[in-house]
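Residues per chain, in single letters:
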Amino acid sequence: LVEFRTRQDRPRFLLGLYGARLERPILDVGCDRAALREIVGRAAYTGIDRSEEADIQQDLQQNGRLPFPDRAFATVLCTDVLEHLENLHELFGELVRVSGDHLLVTLPNNWNSARARLARGHGAIAHYGLPLDPPADRHRWFFGFSEAEAFLRGQAERHGLEIADLRALEKPRPLAVRNVRRLISLSRERYLNRFAHTILALFRRPPG
C-alpha cells in the first residue's frame, strides 16, 4: 500500500523495493527531475528526458530512439512515462534493446483516477480533457489495470523477457474498507480496475 504524492516519491519507493536487485549503471527514461540520481549517485546514473535536470535532453515524443548501444545499461527504468507518448510501442522496444539485466516499468491505472470524478459527474479528469490552450503534457492513452497487465505480459513474451515481479499498488486504506471493496467488486479484475492506482512490472533478461 503506497501513495505517490510527488513524482519524487515513486523512484524512492522503487529503489527501496528493488534496490538490491537493480544492478548499476542505471538508465532512467523519462527521468523528469532526476530524483533517482540523488539516491544512486551520478556515476551510476543517466537520466534522459526533455527536462533541464536530465543528463541527456531528448523529447521522447518526437524521437523515441534512445542514443545508446545495445545492452548499454544493466538496469533501465521507465516509470509512468509510456502513457504520455504516442510512440510507446517503439519506445518499449528501445527500453528492451538498451537494458542488460533488468527493466522496470510502471503504468498508471487511468480508470482509478477517473472513477470518482465520473461517478460524481465532474467533467474534468487529470491529464485528459479539453483545455482552452494546448497543454504542456497529457496522457495519450486511457486504459484500466487489466489492459495494462495484458500489455506488459504481451511485451514480455514478444521480447523474450521473464517477469520477475508484477504487482498492483493501492493507496493506504483500512483493511475493512479494502475487504468491502473486494466483496462489491466480485472479481480480482474489477477490483484492480477500480482501486489499484499503478501497475509495476520488473522484467529480467533470461540467462544466455
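Scroll up to find the structure.
As the structure is a prediction and not an experimental result, all values here were calculated from the model. (Residues numbered from 1 in each chain as written. Predicted model: local features only at pLDDT ≥ 70, side-chain atom pairs only at ≥ 80, totals over all residues. Heavy atoms only, no water.)

**A word on the overall build of the protein chain**
Counting secondary structure elements, the protein chain contains seven helices and seven strands. In terms of C-alpha radius of gyration, the protein chain reaches 17 Å, essentially the compact-globule figure of 17 Å for 208 residues. Taking the principal axes of the C-alpha coordinates as reference, the protein chain spans close to 50 × 45 × 30 Å. The proportion of buried residues among the 208 residues of the protein chain is 47%. At a minimum sequence separation of 6, the contacts of the protein chain that also span at least 24 residues come to 71%. Of the roughly 11,000 Å² that the protein chain leaves accessible, carbon and sulfur atoms contribute 50%. (Helix = DSSP H or I, 4+ residues; strand = E, 2+ residues; numbered from the N terminus. Rg over C-alpha atoms; globule rule 2.2 N^0.38 Å. Buried < 20%, exposed > 50% of the residue type's maximum accessible area, 1.4 Å probe, protein only. Contact = heavy atoms within 4.5 Å. Areas by Shrake-Rupley, 256 points an atom, 1.4 Å probe, with all protein chains shown as cover.)

**With respect to the nonpolar core**
With 36 residues, the main nonpolar core has Val29, Leu66 and Leu95 as its most contacted residues. The leading source of residues in this core is helix α3 (residues 88-98), at six residues. In terms of nonpolar packing, the next biggest core, distinct from the first, is built from 18 residues, Phe4, Leu22, Ala54 and Leu202 among them. (Core = buried A, V, L, I, M, F, W, Y, C linked by side-chain atoms within 4.5 Å.)

**Focus on the packing of aromatic side chains**
In this description, an aromatic ring pair is defined by two values, namely the gap between the centres and the angle between the planes. A full pass over the atoms with the stated rule returns six aromatic pairs. Among the aromatic residues, ring-to-ring pairing joins Phe92, Phe151 and Phe203 into one connected group. (Phe/Tyr/Trp six-rings, centres within 6.5 Å; stacked < 30°, edge-to-face > 60°.)

**A short note on the layout of surface pockets**
Roughly 1,200 Å³ of internal volume is contained in the largest pocket. Lining the largest pocket are 45 residues, and of these Arg7, Asp80, His84, His127 and His139 sit closest to its centre. Mapped onto the lining of the largest pocket, the elements with two or more residues apiece are α4 (110-119) and β7 (196-204). Here the lining of the largest pocket takes six residues from α4, the largest share from any one element. (1 Å grid on protein atoms, 1.4 Å probe; cavity = no way out; pocket = protein on both sides within 12 Å on 5 of 7 lines; lining within 4 Å. Points joined across faces, edges and corners; volume = space filled by probe spheres on them.)

**Some thoughts on the pattern of salt bridges**
With the rule as written, the count across this model stands at twelve salt bridges. With a shortest N-O distance of 3.9 Å, Glu86 and Arg140 are connected by a salt bridge. Placement of Glu86 in the loop between β4 (73-79) and α3 and of Arg140 in the loop between α4 and α5 (145-159) is noted, with a sequence separation of 54 residues between them. Salt-bridge contacts for Arg188 lead to Glu149; the nearest nitrogen and oxygen are separated by 3.5 Å. You can see Arg188 sitting in helix α7 (residues 188-195) and its partner Glu149 sitting in helix α5, a full 39 residues away along the chain. Residue class for Glu149 comes out buried when judged on its relative accessible area of 11%. One network of salt bridges, with partners in common, ties together Arg65, Asp70, Glu94 and Arg97. (Salt bridge = Lys/Arg side-chain N within 4 Å of Asp/Glu carboxyl O.)

**So, the side chain of Thr79**
Residue placement: Thr79 occurs in strand β4. Take Thr79: its relative accessible area is 9%, and that puts it in the buried class. Beyond its immediate stretch of four places on either side in the chain, Thr79 contacts Arg7, Arg10, Leu14, Val29 and Thr106.

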